[in-house]
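Structural overview for review
Single-letter residue listing:
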Amino acid sequence: MLKSINCGAVRAEHAGQTVTLAGWVNRRRDHGGLIFIDLRDRDGIVQVVFNEQENPDAFKIAQGAKPEYVLQIKGAVRARSAEMINRNIASGEIEIVAQSIRVLNESKTPPVPTTDDVPTTDENMRLRYRFLDLRRPKLQRNLLLRHQILMFIRNYLTQRGFVEIETPLLFKSTPEGAREFLVPSRLQPGKFYALPQSPQQLKQLLMVAGMERYFQIARCMRDEASRADRQPEFTQLDMEISFVEREDVLQLIETMFTQLVETVAPDKRFVQKPWPRFTYAEAIERFGDDKFDIRFGMELQNVTALAKGAGFRVFDDAEQVKAIVVPGCAHYSRKQLDELTNYVKDFGAKGLAYAAVLETEVRSSFGKLIAPEKMQAILSALGAKTGDLALFVADKPVIVATALGRLRVEMADRLKMRDEKLLGFCWVIDFPLFKWNDEDHRFEPSHHIFTSPLPEDIPLLDTEPAKARGAQYDLVCNNYEVGGGSIRIHERALQEKLFDLISMPRDVAKDRFGHMLEAFEYGTPPHGGIAPGIDRLTMVLAGEPNLREVMAFPKTQNFADLFLGAPSTVTQQQLDELKIKLVVEE
């Protein structure tokens, strides 16, 4: 080995020892007859001292060392005096007195910062030079955290009888849900594989095969719109278990994740243990979304009964009136209120009404149109106090939920109400089994087509399918859906009934899912599973706002790899081999 110890691992107990280090020049400071080099590796930084009088040869080489040069340094570990201890680094109690130095490689000036104390550049530049960007200690810590998460999961599940099994990446196209990535077949021209959106069908088939407890750190691909918490290729903990009910899966995941956080992120604190559970209807009613944040209040409150008939036409004509009470914002100016109005309009709301509770009066956009006692009744029902700002949206329930739910998060961010040390894990259950597609005039599965109805709701499939609930559960934390799963259908007749309810012709169902239907005829056990997202979980535990900060080689918002130049064109010979002809749009 070219080093005997890592830079960040040298401590006071090593004082008096001679060590050999290897790493990158983080910073060099020239103080005349003394040169200080902060040498960095994955473990951290250590200060190395070069003295011209004691070792002129090493001093001369150190003079030429520039940032990101790769050096090998041999030296003695020396304890620093109390007043010289550097509390900002783990090795701050010691320094290395250099005896020899060797340049292992030189470096050009990096086009992007490689340290955390320098402001990061344009993100496209960071991704273009990702191999340099990844030298930043923060990103290395994030990747290490990701590794620790995966190791904990593998050990935890293995100890509980789970078997890790890989499933194919070249799968059959079953277009129902997110858009798939297609791979042309050279040996069977005109036919295509699909890259898996998840191993959903394969893990269910493993239950048919009798494996009983399966997991996989699965790579999945979806060709869907990009956003901060989504990438075209991602990693999930894919799990499936036979002979379970919903409660079994919830308890397993809750216990595992609780121990996981306490092991790999002990600085994080849970808002509540055990994790609270919300029905889908309750989540929409209180938070306006099925992925929400319980680290702060400011919940949506329904004042429809009080607001309608009060004389304000906007309220009178609306199906629903809801409000949030924002603490300490009664002073908001007209300009600030107009900004909030424009914000909710982006989510379909026609406008935003307000009532600011001041010490001597209530300043409101609709105060002159309703009786003072009615205004007081509304504010009392909301629990609004002096200094608070009540914000109202009146519209169809779906628009009220979306606009006011987004506004709730926006105001929490403005007021810095979200403590990144807190983890608001919770469960959302009792989702509708179907959602209605107005454009196609048919039902669609709200989760996926293999989700079982709740046993007590199976009779509704023949009478009122819109009211049927699925045996589905979502794992939510800090405004993100971290994972989702369900108890699956394991009987052919019930599976075919759901195909019928979503208006999927029998021949189409047989072509896409005939393998599943056939398998259900051979003693398929009751089973269920879940697929927490590794990327999102790491992002939440690392306190990062974007998945790209916890993935080694992510893509841009339009799915481009700026370093490799992917996607790229291919040769005509490759296209000919695949029997593909390109149609170029003007």
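Further up the page is the structure itself.
Focus on helix α10 (residues 334-345)
- The end-to-end C-alpha distance of α10, which contains 12 residues, comes to 16 Å, matching closely the 16 Å that a straight helix rising 1.5 Å per residue would cover.
- Buried within α10 we find Leu337, Leu340, Thr341 and Val344. End-on, the buried residues of α10 take up no more than an arc of 105 degrees, which puts them together on one face.
- Contacts made by the buried residues of α10 are with β15 (353-357), β16 (362-364), β17 (389-395) and α12 (397-414).

Some words on the pairing of strand β3 (residues 44-51)
- Of all eight residues that make up β3, six are buried, and the element is covered over most of its length.
- Bridging between strand β2 (residues 34-41) and β3 involves eight bridges; their strand directions are antiparallel. Within the sheet, the bridge partner assigned to Ile37 lies in β3 and is Val48.
- Following β2, the chain reverses through two residues before pairing antiparallel with β3.
- Examined bridge by bridge, β3 and strand β5 (residues 94-105) share two bridges and lie parallel to one another. Across the sheet, the residue bridging to Val48 is Ile96, located in β5.

Here's the deal with the side chain of Asn26
- Position of Asn26 among the secondary structure elements: in strand β1 (residues 18-30).
- Judged by relative accessible area, Asn26 falls into the buried class, the value being 18%.
- Setting aside chain neighbours within four positions, we find Asn26 in contact with Asp38, Arg40, Ile45 and Thr115.

A short note on the sheet that holds β3
- If you trace the five strands once around the closed barrel, you get β1-β2-β3-β5-β4, paired in mixed fashion. On average, adjacent strands in this sheet sit at an angle of 55 degrees to one another, irrespective of strand direction.
- Bridge count between strand β4 (residues 70-79) and β5: 10 bridges; the pairing is antiparallel. The residue of β5 that forms the bridge with Leu71 is Val103.
- Sheet strands touched by helix α1 (residues 56-63): β1, β2, β3 and β5. Its angle to β5, the strand with the most contacts, is close to 65 degrees.

Description of the pairing of strand β22 (residues 472-477)
- Within β22, six of the six residues are buried, which leaves the element mostly enclosed by the surrounding structure.
- Residues Gln472, Asp474 and Val476 point to one face of β22 and Tyr473, Leu475 and Cys477 to the other, with burial holding for every one of them.
- One ladder, built from five bridges, connects strand β19 (residues 425-429) with β22; its direction is antiparallel. Bridging from a neighbouring strand, Trp427 pairs with Leu475 of β22.
- Looking at chain direction, β22 and strand β23 (residues 480-487) are connected through six bridges and run antiparallel. Residue Gln472 lies in a different strand from β23, and its bridge partner there is Ser486.
- Here β22 folds back onto β23 in antiparallel fashion, the turn holding two residues, of which Asn478 has a positive phi close to 55 degrees.

Conventions and cut-offs
Residues numbered from 1 in each chain as written. Predicted model: local features only at pLDDT ≥ 70, side-chain atom pairs only at ≥ 80, totals over all residues. Heavy atoms only, no water. Helix = DSSP H or I, 4+ residues; strand = E, 2+ residues; numbered from the N terminus. Expected span 1.5 Å × (residues − 1). Buried < 20%, exposed > 50% of the residue type's maximum accessible area, 1.4 Å probe, protein only. Arc of directions from axis to C-beta. Contact = heavy atoms within 4.5 Å. Pairing = 2+ DSSP bridges. Axes fitted to C-alpha atoms, helices over the stretch in contact; angles between N-to-C directions.

In short, geometric facts, not functional conclusions.
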